[in-house]
Amino acid sequence: MTPVDLHPSGPRSPEQRKREALERLARDNDVWVATADAAGEPCLVPLAFWWDGEAVWLATRDTNPTGRNLCASGRVRLSFGHSRDVVLVHGTARMLTREELPAEVGDAFAAKDGWDPRKDHPSYVYFHVTPQVLQAWGTVPEMPGRTLMRDGKWLV
């Protein structure tokens, strides 16, 4: 993926942003995960992830704030990249136990990151995050048109 030019002559096309967003999802190792509890207390943590081409898979303990928040509400925001080349996903999360997790998903997650939560503490569970909204932008000129997916459907 080509880095974003900090002094662009103009915004990238939506098609280019979609292509580069998908490359980031396939390539990056970590994502910032934002959740909130029932009282609205925010929680922001970095987690390893795996992108299966349609959804993001996360693993975390069901006993920590992120796991509890995801189990309770199923609402999550994910931020990939940095502030000058960000992919932001608003999604819905569904929890799966180790026993419910398809073996091929666990194997792919472990192969990507080199860490297998199935072999870690028993409180680790997985979350299947379905993107509802996906936005991608680099700098201010790319703010208009940054929404590439809405209601789980690609706009480009």
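Quantities reported herein were computed from a predicted structural model and do not represent experimental measurements.

Among the structural elements, Ser79 can be located in strand E4 (residues 75-82). Distance in space between the C-alpha atoms of Ser79 and Leu134 is 9.9 Å, their sequence separation being 55 residues.

As paired elements, strand E1 (residues 30-36) and E4 share three bridges and run antiparallel to each other. In the sheet register, Trp32 faces E4, and the bridge partner there is Ser79. Pairing between E4 and strand E5 (residues 85-96): eight bridges, direction antiparallel. The residue bridging Val76 from the neighbouring strand is Gly91, located in E5. Between the end of E4 and the start of E5, which pair antiparallel, lie two residues.

Our next topic: the UniProt feature "domain: Pyridoxamine 5'-phosphate oxidase N-terminal" (unreviewed entry) in the protein. With numbering matched to this structure, UniProt assigns "domain: Pyridoxamine 5'-phosphate oxidase N-terminal" (unreviewed entry) to residues 20-137. Across residues 20-137 one finds 24% helix and 48% strand; the C-alpha atoms that close the span lie 10 Å apart.

Here the focus is the side chain of Arg17. Within the secondary structure layout, Arg17 lies in helix H1 (residues 14-27). With no salt bridge to any partner, buried Arg17 finds its closest opposite charge in Glu142, at an N-O distance of 4.1 Å. At 3.1 Å, the side chain of Arg17 and the backbone oxygen of Ala136 are in polar contact. In this structure Arg17 touches Pro11, Arg12, Ala136, Trp137, Glu142, Pro144, Gly145, Arg146 and Leu148, once residues within four positions along its chain are discounted.

A separate point is unusual backbone geometry. A positive phi is found at Asp151, a non-glycine position, where the angle reads about 55°. With respect to the element layout, Asp151 can be found in the loop between strand E7 (147-150) and strand E8 (153-154). Among the residues examined, Asp151 registers a relative accessible area of 62% and is labelled exposed.

Before going further, it helps to examine H1. Between the first and last C-alpha of H1 there are 20 Å, a value that for 14 residues agrees with the 20 Å anticipated at 1.5 Å per step. Those residues of H1 lying buried are Arg17, Lys18, Glu20, Ala21, Arg24 and Leu25. Here the buried face of H1 lies against strand E2 (42-51), E4, E5, strand E6 (124-137), E7 and E8.

Now for helix H2 (residues 65-73). Listed as buried for H2 are Thr66, Gly67, Asn69 and Leu70. In an axial view of H2, the angular spread of the buried residues amounts to 165°, which keeps them on one side of the axis. Contact partners of the buried residues in H2: E1, E2, strand E3 (56-61), E4, E5 and E6. Two residues or fewer after H2 comes Gly74, characterised by a positive phi angle close to 75°.

Attention now moves to the packing of aromatic side chains. The final tally for this structure, using the stated rule, is four aromatic pairs. Look at Phe109 and Tyr126: their rings are 5.7 Å apart centre to centre, the planes differ by 85°, and that puts the pair in the edge-to-face class. Note that Phe109 is positioned in helix H3 (residues 103-113) and Tyr126 in strand E6, a separation of 17 residues in sequence. Considered together, Phe109 and Tyr126 belong to a single accessibility category, that of buried residues. Every member of this aromatic cluster is reached through a ring pair, and the members are Phe109, Trp115, Tyr124 and Tyr126. The ring centre of Phe49 lies 3.8 Å from the NZ or CZ of Lys112, which sits over that ring. Above the plane of the ring of Trp137 lies Arg146, whose end atom (NZ or CZ) is 5.6 Å from the centre.

Cut-off values and rules
Residues numbered from 1 in each chain as written. Predicted model: local features only at pLDDT ≥ 70, side-chain atom pairs only at ≥ 80, totals over all residues. Heavy atoms only, no water. Helix = DSSP H or I, 4+ residues; strand = E, 2+ residues; numbered from the N terminus. Pairing = 2+ DSSP bridges. UniProt positions renumbered as here; feature names shortened; annotations may be inferred. Buried < 20%, exposed > 50% of the residue type's maximum accessible area, 1.4 Å probe, protein only. Lys, Arg positive; Asp, Glu negative; His and termini not counted. Salt bridge = Lys/Arg side-chain N within 4 Å of Asp/Glu carboxyl O. Polar contact = N/O pair within 3.5 Å; in protein donor to acceptor, adjacent residues only side chain to side chain. Contact = heavy atoms within 4.5 Å. Expected span 1.5 Å × (residues − 1). Arc of directions from axis to C-beta. Phe/Tyr/Trp six-rings, centres within 6.5 Å; stacked < 30°, edge-to-face > 60°. Lys NZ or Arg CZ within 6 Å of the ring centre and 35° of its normal.

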